[in-house]
Amino acid sequence: MGNIDYVVHQVAVPPPQPFLKSLKYSLKETFFPDDPLKRFKNQPTSKRFVLGLQYFFPIFEWAPHYTFHFFKSDIIAGITIASLAIPQGISYAKLANLPPILGLYSSFIPPLIYAMMGSSRDLAVGTVAVGSLLMGSMLSNEVNPNEDPKLFLHLAFTATFFAGILQAALGLFRLGFIVDFLSHATIVGFMGGAATVVCLQQLKSILGLDHFTHAADLVSVMRSVFTQTHQWRWESAVLGFCFIFFLLITRYFSKKQPKFFWVSAMAPLTSVILGSLLVYFTHAEKHGVQVIGELKKGLNPASLTNLVFVSPYMSTAIKTGLIVGIIALAEGIAVGRSFAMYKNYHIDGNKEMIAIGTMNIIGSFTSCYLTTGPFSRSAVNYNAGCKTAASNIIMSIAVMLTLLFLTPLFHYTPLVVLSAIIVSAMLGLIDYEAAIHLWKIDKFDFVVCVSAYIGVVFGSVEIGLVIAVALSVLRLLLFVARPRTFVLGNIPNSVIYRSVEQYPNANHVPGILILEIDAPIYFANASYLRERIARWIDEEEDRIKSTGDTSLQYVIMDMSAVGNIDTSGISMLEEVKKVAERRGLQLVLVNPGSEVMKKLNKSKFQNDIGQKWMYLTVEEAVGACNFMLHTCKTNLKKDEPEGWNNV
């Protein structure tokens, strides 16, 4: 082998970049990964104005190309989702301890705003059960909705205002990645727990109870239910369970026969009509069946002057708005992205945040409370064949006509029917199949999911949310603080080196330990990596002693997956190098990335280790080390290997 020349490709240091240029690049990668300004390049001022208008108001982009064919599809979809939005809106407002009419108000103005500003064709805007419950429970901690309903109502508007401010700000400042901290497992557990709590809360109306706990945890609800068994009304219970059964049967039928999606979509409104007729003709309200009562006719009154900006209520409104705003944002964007994927088009998450935030800000000025894009309504919109966001406009017009002319018809609507509508919608959010899937794929994700669920059901919605976010952040920190390291071996009859754990047939290279670090090296993991590398060396030396192989001479560190490194990471490499030298070992680095090489060069570590001990591939590094093992003496380890041609 002494006559063989090895061609070694040196690891290059990237050319220096001006600080401002480097900063600009970093900011762009952080806040503008989708390069939204690309369309504005090399365009005249007038064209840029039009493009800017289309960016913030996508309706100006699709409206000029709108066709009668689109209109026919959108009007069918709009009327269909209106039939679902009207009963759901009334039901969810009740869930938030707000007047039922607010559910209709919130299905009128916000959809119009979203139709102009939203980038999703399928998102159907309206109130959501989880957000309604969360807002109602958090505000109830400060103000009793029964004792001071006016103040409670004003706080709901104020919380909606601050939720909208947060949502729009996240979009404007390109901070949408914050929402991504709510992992899929977190959302599954949290939504399932919230849905369970919402269903439990409906026992008040289903059993016809006059007094019920404001707490949302399982123990409090069960105590409230079973300490009032003497007040249970069988008429209300029978009616409630019959309508729940009816709604679940229609959903099952529509799921099995997708072309009959309208059966499930029309079922809630059908339930309201049937329930109202039943109460009207049987006078069931005199036998313990509670009804909505009078709903005020007319369009949304202004509520700008009703916002509360005084202590101590303002802090409650801000806290409530921030929490429900994040939850609503996560749900709306997740739903929008899901249906965009089905139809193979792209939605801009930051534009969605601006649109959702704006509609909540304007909604808070027009007697609306928190709205977003609920899954159930959007699924109906999608299945109904909507083509554009104009379906939201059709829905809004239908709700407007209801507010102007039809609200008296809801006078005899039994509350138990509204509870049945809520229960049937919430059962669809308890996604046990997703939880089983998490268990099969990732046990830690399953623990996050179950912890969020238990926190919501046995604690409160806020506690469950805190637990879910805390566990998600903990997992993120574990990924950063405890990165994976692998021992690599040679796949037989190849020059490929892979993890010996994943490929048991991979062979250890005599005299050489090859390690791969699978994450950036930061202050949070530098100490762990130093100790873990030392343990790998100890274990390799013990393995060599037991097998009688050639003594360990080289430690190769494959840094292909190390995207960045900080000063603590560089200090760690310096310590590992010193420890290796004390043991008579040579540290070798493979393929440090551009950012890593910049910092190794500036810190002088590159000079310290020597360019000859840095290689582009594991194959080259192993070849060089084998060359040294077979041709050079140990005391020449730090000299330039003979027979090398450096390129």
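Above this text you will find the structure in question.
Keep in mind that this is a model prediction, so the values were computed, not measured. (Residues numbered from 1 in each chain as written. Predicted model: local features only at pLDDT ≥ 70, side-chain atom pairs only at ≥ 80, totals over all residues. Heavy atoms only, no water.)

Draft legend 1. Spatial organisation of the pattern of salt bridges. A full pass over the atoms with the stated rule returns twelve salt bridges. Measuring nitrogen to oxygen at the nearest pair gives 3.3 Å for the salt bridge that ties Glu575 to Arg530. Highlighted residues: Glu575 in helix α23 (residues 567-582) and Arg530 in helix α22 (residues 523-547), separated in sequence by 45 residues. The salt bridge involving Arg583 is made with Asp538; its shortest N-O contact spans 2.7 Å. One end of the pair, Arg583, is in the loop between α23 and β6 (586-590); the other, Asp538, is in helix α22, with 45 residues separating them in the sequence. (Salt bridge = Lys/Arg side-chain N within 4 Å of Asp/Glu carboxyl O. Helix = DSSP H or I, 4+ residues; strand = E, 2+ residues; numbered from the N terminus.)

Draft legend 2. Spotlight on the packing of helix α7 (residues 129-140) against helix α9 (residues 184-201). In contact at an axis separation of 10 Å, α7 and α9 are set at 70 degrees when each is read in the N-to-C sense. With respect to each other, α7 and α9 are oriented roughly perpendicular. For α7 against α9, the interelement crossing comes out left-handed. Along the contact surface, α7 presents Ala129, Val130 and Leu133, while α9 presents Phe190, Met191, Ala194, Val197, Val198 and Gln201. Broken down by class, the residue content of the contact of α7 with α9 amounts to eight nonpolar, one polar and no charged. (Axes fitted to C-alpha atoms, helices over the stretch in contact; angles between N-to-C directions. Parallel < 35°, antiparallel > 145°, perpendicular 65-115°, else oblique. Left-handed = near helix turned anticlockwise from the far one by under 90°. Contact = heavy atoms within 4.5 Å. Nonpolar A, V, L, I, M, F, W, Y, C, P; charged D, E, K, R; others polar.)

Draft legend 3. Local environment of the nonpolar core. In this structure, Ile90, Leu98, Leu102, Met135, Phe190, Tyr369 and Met426 are the most contacted members of the largest nonpolar core, which totals 106 residues. If one sorts the elements of this core by residue count, helix α8 (residues 149-172) sits on top with 13 residues. Residues in contact with Tyr369, not counting those within four places in the same chain, are Tyr92, Ala93, Ala96, Leu98, Leu102, Ser106, Thr127, Ser132, Met135, Thr160 and Asn360. Core analysis: the next-biggest nonpolar cluster, separate from the first, contains 50 residues, Ala526, Ile533, Val588 and Trp613 among them. (Core = buried A, V, L, I, M, F, W, Y, C linked by side-chain atoms within 4.5 Å. Buried < 20%, exposed > 50% of the residue type's maximum accessible area, 1.4 Å probe, protein only.)

Draft legend 4. Broad picture of the sheet that holds strand β2 (residues 485-490). With respect to topology, six strands assemble into an open sheet ordered β3-β2-β4-β5-β6-β7, the strand pairing being mixed. The open sheet has two free edges, formed respectively by β3 (497-499) and β7 (614-615), since each of these has just one partner strand. Sheet topology places β6 next to β7; two bridges connect them, and they run parallel. Residue pairing in the sheet places Leu589 in a bridge with Met614 of β7. Lying on the sheet, α22 is in contact with β2, β4 (512-517) and β5 (554-558); it crosses β4 at an angle near 150 degrees. (Pairing = 2+ DSSP bridges.)

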